[in-house]
Structure formats: structure tokens, C-alpha cells
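Descriptive structure summary
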Amino acid sequence: MVERNIFAGFGGQGVLLMGQLLAAAGMMEGKNTSWIPSYGPEMRGGTANCSVMLSDQEIDSPLVTRPTSLVVMNRPSLEKFESKVVPGGSIFVNSSMIDIKVSRDDVNAYYVPCNEIAAELGNDKVSNMIMLGAYLGKSKCVEVETVLEALLEKLGQKKAKLIPLNREALLRGAACIK
Amino acid sequence: MALKLMKGCEAIAEAAIQAGCRYFFGYPITPQNDIPEYMSLRLPQVGGCFLQAESELAAINMVYGAAGAGARVMTSSSSPGISLKQEGISTCCAAELPCVIVNMMRGGPGLGNIQASQGDYFQATKGGGHGDYHTIVIAPSSIQETVNMMGKAFDLAEEYRIPVMILADGLIGQMMEPVDMPNNPNPTMHDKPWAATGYKPGGAKQRAIINSLYIETEDLDTLEERLQNRYAVIRGKEVMVETYNTEGAEYILCAYGTVARVCKAAVRLCAEQGVKVGLVRPITLWPFPTKEVHDAIAQDSVKAALTVEVSAGQMYEDVRLAVNGCKEVAFMGKAGSMIPAAEDIAERILKMRRA
């Protein structure tokens, strides 16, 4: 098993966190993982992406040039990375923010209205967790509960009350994948 | 073994503390700010001192002072900041002061950018400051290896009374990987009878003088002879290198740091095409693994070698010196921050094979 992922979007959409939680959950389940961020000098705004690898083998190069999965939260990210995905790979599109379709027919495209579902849940900040749930629903590379464990470690016990909302978000995202 | 997902910069800082480092002096610059940030939190917790200096120049001279008093001390910066520290590094070498300097390389020259680069190889290995000196230069290629090297870096520094530089590309500082952090409450410290720790007239201890000025020609000659003899010992004993898949290979890749990991992926891609490629990865850039690089490339089975760097070709010169004309050595890479993709490196090897 080797998963080469790129998560991309605007700064502030939580794309780096999505990748970190996946990498941490992978580690907790005994996999080799790596996470590489790429962003500009801005505190917020601008574009951000991260490369995340999960593997049963030792990870040689942690750089992801040909992703097996691409997760995009905004349109410029789709346009930038669409052509890099390996044939047969997956592209997860935040259809709340992206008004175009995936133009390739040799990849699997999944459209997830992240911001709309997040609004239904009453907190726009979990749109990234909805998308991460969709990714997990397809790739099944780590358990949802392990991701929540990783999130709890990051938040600390003081913010443990946020876990049920995030669980709901991950499950709603996963349910978008048929 | 408890693994923790850690950012490279934070892992380096924690590993330094585990290695007994209690003093850190620095000045902010991206992409290494997580090192001083982490140190500012952790050093007071372990009874150490973190101080943000007013400049890089001040920081390296604070390192000089702490090292002269026998402390385990480090500083970190990134390329333009390391340039500013060069005078102090030369002075530490002349005064024979042990310290650890981390350079999280970014793109240059000038202020360049804030992405990963390998453009400081010449500066690190050939002496970025003035005079005939060397620092030991260690170039790890993963966060775990960087962590494992921190203790070694302090030990080497104190054993040889020499500054040791950790030369990492910015990627190692910014990325996250699972880390097995050593837990070492009592690291071994070397005896430092030479340290300036206070002098009592008539006491048992001789007056300790930390100095880099030798006005008399003969005096400077004595220092230089001592340093050069020490460098010869280091060259003989402290080379670190990884060879991967080199035995009987048709082509040899030569790379260090993160780029060496990309090259490992290229070795795998070439193997899938039925082409046997090996990799030589210098871990110490100074002393350079001249013999190991030569022996890997000089094998009868090898048609040519390819050095890959994120520079315009710096380590390339040392590889060619090591090979000494016995085989063709090609170069792949660009100055700045464009890291070649594994697919492109493999393609280049396959192209060399078709030619």
C-alpha cells in the first residue's frame, strides 16, 4: 500500500491540518508517513498545499509529484494539480467552491459540497473534515476513529468537546462516496 | 518505541536538548524559526538559556563566549543568516571552540527565497569565512537521521574542539515525519580543562585563555599545524556515508540530503525498467567520503555517474575529484529551489543509457 496525496486550497481552509491528521493517524496505525507543507509567507490567504504519503514500505522520496489522490478545496488548486494525478487515481472536489468539473476521464472524480454540509452541521470550519471524511470513505487507508484520536492529541483535552462535531463531519463526508 | 509526528525543526531542537545542549543564541529567519521558537519554550524548562540576539553576528559571538566557558551551545539560521555568522565561525575554529551550527538552507544568492535549496555546499565545506579552517559538516536526509545525528554532532565538536555544522535543506526543517526521540536525562559531557571557567591566582588550575589572535608568525604556524593535523585525523576517522544498491550497478547516483531520498525513488523506478542503478549518499560533506564515492563509481560494471543537487553543481566538484577522471560524471540540478522529480532523474539515467 502506497498512498501519495496532495491536499490543496486557500490558506485558512485547513488543508495543511487535513494532511497532518492523516499523517498522524497513519503513524498511529503503524504505517510509514510523511507530510510536507508548501505555502507562501502570508499568515492567511494565498494558496497552500501539502504532500502526504502513507506506506507499508519505507518512504524513499517524501515528495509527491504524481499523486494517487488529489484533494482540492478551491478552483485554482484543481486547475494546478489535475494533470499530475496518476491514471486511475482519485480527485476529490469541493463542489461548494469549485464551479467546474474534472476534465479528465481516466481518473475517478468525487464531488463533495463541503461548505454546504458544514453549514448544515452549523460550523463552516469543519468543511475540511468533511472532505477528509470523503477521502477516507474512498481510500479506507486509516480508520475515522484514529483520525479523531490524532485530532484530540492536537486539540488537547480542553477542546475535547469538539470531537463529536468532527466525527459527524468525517462521517457525513464519507457518506458522500458511493 | 513511542513515535511522535514532529516537524523537522522542532525535532532538531528537542534532540539537541536531549544531547545536553543548554544554551541557544539565534536570530529569526525562515525556514528555521521553529528551532528558536521551540528552544525559547524548552530551554528554560531544563535550566538552560535561550536568548534572541540583536543580530546573527551577536548570536555567533554569544556562541563563542558560551563555548569558551565550556557550555554545550548551539545556534541555527538559514542561508543569508549563516553568511552573516561566517566571521564568528572562522573565529570559533581558530579558538578551537566546540559548538553546533544548524543551517536550514534556503534558495540564494542574496535573500533568495524561503524554499529548500542546497546552494550552501561550497560555503559549508570549503570554509565560508576567512582562513585555513574546516568545520565538520553533517547532511542528514530524514528527520529521524537528523535527530540521531544531534548527539553525535555535539560529541564530535567536543572531541575535536571544532564547530560542527548540520547542513539541511529547508524541507527537512518544515516537513513532518514520525520520530523516535531519544530520552537521555544524563548525556555524557566531555572534560574541558581548557575552558575559561574562572581563575584563582595560586590555584591548581592554569589560566585559560580563549583567543584567535596570533601576532607572531611562529605562533600562528603552531596553531595551523595543530588544526591541520586534527583535520587529518577527522578525515581518517569520521567519514559517514550510505551506499545503496551500488554493488554491480550500471549507473551510480550521487546526492545528499532530501535529494538523496528522491534519488532512492529513482533507483527503484530504474529497477522497474530493468536497469541497475546505485546511490552513494555522503552523510558527512566534510570530511567528504572520497574513497567510498570513488570505489562505488570506479567499479567495472559502472558506465557513468550522475550527481543530483538543488544547486548549479557544487558537490559535483568533489565527486569529480574523488573519481579523478576514471569515469564520466554528469550533473543534474538547478540553482534555486527546484527539486528534481524522481521520474525525471530516472529518465535522465535511461537517456544516458540510450546515448
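Residues numbered from 1 in each chain as written. Chains lettered and ligands numbered in written order. Predicted model: local features only at pLDDT ≥ 70, side-chain atom pairs only at ≥ 80, totals over all residues.

**Overview of the overall build of chain B**
Spelled out, the test is: Working definition: helices are DSSP H or I runs of at least four residues, strands are E runs of at least two. Numbering for both runs from the N terminus. As a reference, a globule follows 2.2 Å times the number of residues to the power 0.38, and the radius of gyration itself is taken over C-alpha atoms. Burial is judged by counting the other C-beta atoms within 10 Å of a residue's own C-beta: 20 or more makes it buried, 12 or fewer makes it exposed, and any count in between marks it as partly exposed, with every C-beta position built from the backbone. Here contacts are defined at the residue level, using C-beta atoms placed from the backbone and a cut-off of 7 Å between them.
The number of helices and strands found in chain B is 13 helices and 14 strands. Radius of gyration (C-alpha) of chain B: 21 Å, near the 20 Å computed for a compact globule of 355 residues. The dimensions of chain B, computed from C-alpha atoms along their principal axes, are 75 × 50 × 40 Å. Sorting the 355 residues of chain B into buried and exposed places 51% on the buried side. For chain B, restricting intrachain contacts to residue pairs at least 6 apart in sequence, the fraction spanning at least 24 positions comes to 79%.

**Some details on the nonpolar core**
Applicable threshold: Joining buried Ala, Val, Leu, Ile, Met, Phe, Trp, Tyr and Cys residues through C-beta atoms within 7 Å gives a set, and that set is a nonpolar core.
Among the nonpolar cores identified, the biggest contains 161 residues, and M131(A), V100(B), L253(B), C263(B) and A266(B) are the most heavily contacted of them. Setting aside chain neighbours within four positions, we find C263(B) in contact with L253(B), A255(B), L279(B), V308(B) and I345(B).

**What about the domain arrangement of chain B?**
Residue and element names in this part refer to chain B. Stated precisely, the cut-off is as follows: Reported domain spans reflect what an automatic or database domain assignment gives.
Along its sequence, chain B is carved into domain 1 (3-198 + 224-237) and domain 2 (242-354). Centre-to-centre separation of domain 1 and domain 2, based on C-alpha positions: 27 Å. Contacts between the two partners involve 24 residues from domain 1, matched on the other side by 22 residues from domain 2. When contributions to the side of domain 1 that touches domain 2 are tallied by element, the ones reaching two or more residues are helix 6 (121-125), strand 6 (136-138), strand 7 (163-169), helix 8 (170-174) and helix 9 (217-237). Of the residues forming the side of domain 1 that touches domain 2, the biggest block, four residues, is contributed by helix 6.

**Remarks on unusual backbone geometry**
Glycine aside, a negative phi is what most residues show, and trans is what most peptide bonds show. All names here are of chain B. P109 follows G108 through a cis peptide bond whose omega is 5°. Residue placement: P109 occurs in the loop between strand 5 (99-105) and helix 6. In this structure, the amide linkage connecting W286 to the following residue, P287, adopts the cis form with an omega of 0°. Within the secondary structure layout, P287 lies in the loop between strand 12 (284-286) and helix 11 (290-298). Phi is positive for R161, which is not a glycine, with a value near 50°. Secondary-structure assignment places R161 in the loop between helix 7 (143-160) and strand 7. A positive phi angle, near 65°, is found at N245, a position not held by glycine. For N245, the position within the fold is in the loop between strand 9 (241-244) and strand 10 (251-254). On the basis of neighbour count, N245 is assigned to the partly exposed category, with 17 C-beta atoms found within 10 Å.

**Looking at the interface of chain A and chain B**
Counted only if it meets this: When residues are sorted by character, Ala, Val, Leu, Ile, Met, Phe, Trp, Tyr, Cys and Pro go into the nonpolar class, Asp, Glu, Lys and Arg into the charged class, and all the rest, Gly among them, into the polar class.
Each partner contributes to the interface: chain A provides 15 residues, whereas chain B provides 18 residues. Counting residues per element, the ones that place at least two in the side of chain A that touches chain B are helix 1 (15-28) and strand 2 (32-39) of chain A. Grouping the constituent residues of the side of chain A that touches chain B by class yields nine nonpolar, five polar and one charged.

**Some words on the packing of helix 3 (residues 114-121) of chain A against helix 4 (residues 127-139) of chain A**
Residues and elements named next belong to chain A. Note the threshold: A fitted line through C-alpha atoms serves as each axis, taken over the contacting stretch for helices, and the angle formed by two N-to-C directions is quoted from 0 to 180°. Crossing handedness follows the turn of the near helix against the far one: under a right angle anticlockwise gives a left-handed crossing, and clockwise gives a right-handed one.
Two elements in contact, helix 3 and helix 4, have axes whose closest approach is 8 Å; the angle formed by their N-to-C orientations is 120°. Judged by the sense of rotation from one axis to the other, the crossing of helix 3 with helix 4 is right-handed. Of helix 4, the residues touching helix 3 (which contributes C114, N115, I117 and A118) are S127, I130 and M131. For the contact of helix 3 with helix 4, the class distribution of residues is five nonpolar, two polar and no charged.

**What about the environment of G236(B)?**
All names here are of chain B. Tracing the chain through its elements places G236 in helix 9. Judged by the 9 C-beta atoms lying within 10 Å of it, G236 is exposed. Note: C-alpha distance between G236 and P289 (53 residues apart in sequence) is 9.9 Å.

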